[in-house]
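A structural walkthrough
Chain residues, written in single-letter form:
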Amino acid sequence: MVRFEKVKKIYNIRKTNEFEALHDISMKIEDGELVAITGKSGAGKSTILHILACIDSYEGGSYYIDDILVKNLSEKKLAEMRNERIGIVMQDYALVEDFTALENVMLPLDFSRKKKRDKRKRALDALESVDMVELAGKTVSKMSGGQKQRVAIARAIVNNPGILLADEPTGALDSNNADAIMGLFKKINEQGRTVIIVTHDHDLAEQCMRTIDIADGHIIST
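First, a word on what this report is: a plain description of the structure on this page.

Rules used in this analysis
Residues numbered from 1 in each chain as written. Predicted model: local features only at pLDDT ≥ 70, side-chain atom pairs only at ≥ 80, totals over all residues. Heavy atoms only, no water. Helix = DSSP H or I, 4+ residues; strand = E, 2+ residues; numbered from the N terminus. Buried < 20%, exposed > 50% of the residue type's maximum accessible area, 1.4 Å probe, protein only. Contact = heavy atoms within 4.5 Å. Areas by Shrake-Rupley, 256 points an atom, 1.4 Å probe, with all protein chains shown as cover. Lys, Arg positive; Asp, Glu negative; His and termini not counted. Charge placed at Lys NZ, Arg CZ, Asp CG, Glu CD. Pairing = 2+ DSSP bridges. Axes fitted to C-alpha atoms, helices over the stretch in contact; angles between N-to-C directions. Parallel < 35°, antiparallel > 145°, perpendicular 65-115°, else oblique. Left-handed = near helix turned anticlockwise from the far one by under 90°. Nonpolar A, V, L, I, M, F, W, Y, C, P; charged D, E, K, R; others polar. Polar contact = N/O pair within 3.5 Å; in protein donor to acceptor, adjacent residues only side chain to side chain.

1. As for the overall build of the protein
Secondary structure assignment for the protein yields seven helices and 10 strands. Burial status across the protein gives 49% buried among its 222 residues. Nonlocal contacts in the protein, meaning residues at least 24 apart in sequence, comprise 70% of its contacts between residues at least 6 apart. Accessible surface computed for the protein: about 11000 Å², of which carbon and sulfur atoms make up 46%. In the protein, which carries 32 positive and 34 negative side-chain charges, the distance between the mean positions of the two groups comes to 7 Å.

Printed below as a string of structure tokens:
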């Protein structure tokens, strides 16, 4: 379970352009939910995702992952959380273009503090789960957008995280590829993972169990 209790995020503190992006946000996402976070550009969606992903800090309130207070964690513990308990899928894929699909998916295993056996097999299994195992040896730069996003999903789940975050995961895809990627997220959710999708696409959001709507740094509906 992830939980925000009056989380506040302020950028450029004590500068002339200080800006409060999140205003005392409170929300709870239970284990195994498939949730969309929606809102217009600038509403605060990406800020919430960066805090959820333990990429960004926050200035007020509390953020818990399974009753662990994130604000108290050291940089080392935050890195472990990002590597082992949270998977992230970005709109621009964030893959190493000169690497193969297999090499990209193996990266989180290489950075894990826990020694993982059979890294190649684990990576191949992750690629198989997104129907990309046949392209394991293909260089990412030679792939289509839909193929790249599948590789990005495989990389995000290879360490078997309990939480999968996705930032506008279909924003750069055509409707057919977008539908296929959403089908993968549903499949991953059915396997027991919590899936949180940040999107401005209401058609995508309607396929989730629940929608959290953000406007001007406030939650306006859940």
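Additional details are given in the paragraphs that follow.
2. Quick look at the sheet that holds strand β1 (residues 2-11)
Ordered in space as β2-β1-β4-β5, the four strands form an open sheet in which the pairing is antiparallel. Edge strands, defined here as strands with exactly one partner in the open sheet, are β2 (19-29) and β5 (68-69). In this structure, β1 lies alongside β2, joined through seven bridges in antiparallel fashion. Within the sheet, the bridge partner assigned to Y11 lies in β2 and is F19. The sheet strands contacting helix α1 (residues 45-52) are β1, β2 and β4 (60-65), and the helix crosses β1 at an angle near 120 degrees.

3. Examining the packing of helix α5 (residues 145-157) against helix α6 (residues 175-190)
Closest axis-to-axis distance for the α5/α6 pair is 10 Å, and the angle between their directions is 15 degrees. Considering the angle they form, α5 stands roughly parallel to α6. Handedness of the crossing formed by α5 with α6: right-handed. Side by side, α5 and α6 meet where G146, Q149, R150, I153 and I157 of the first sit next to N177, A180, I181, L184, F185 and I188 of the second. Broken down by class, the residue content of the contact of α5 with α6 amounts to seven nonpolar, three polar and one charged.

4. Focus: the environment of R82
With respect to the element layout, R82 can be found in helix α2 (residues 75-84). Of the residues examined, R82 reaches a relative accessible area of 27% and is grouped as partly exposed. Between the alpha carbons of R82 and P108 there is a distance of 9.7 Å; along the sequence they are 26 residues apart. In terms of polar contacts, R82 uses its side chain to reach the backbone carbonyl oxygen of C54, at 2.5 Å.

5. Focus: the sheet that holds strand β3 (residues 34-38)
Remark on secondary structure: sheet strands pair via backbone hydrogen bonds, oriented parallel or antiparallel. One open sheet holds the six strands; their spatial order is β6-β7-β8-β3-β9-β10, and the pairing between them is mixed. Two strands bound the open sheet, and with one partner strand each, they are β6 (86-89) and β10 (218-221). In this sheet, neighbouring strand axes are inclined to one another by 25 degrees on average, regardless of whether the strands run parallel or antiparallel. By the bridge criterion, four bridges tie β3 to strand β9 (residues 210-215) in an arrangement that is parallel. For A36, the partnering residue across the bridge sits in β9 and is T211.

6. Focus: the pairing of β6
Here β6 shows two buried faces, one formed by I86 and I88 and the other by G87 and V89. Relative to strand β7 (residues 163-167), β6 is paired through four bridges, and the arrangement is parallel. Looking at β7, one finds that I86 is bridged to I163.

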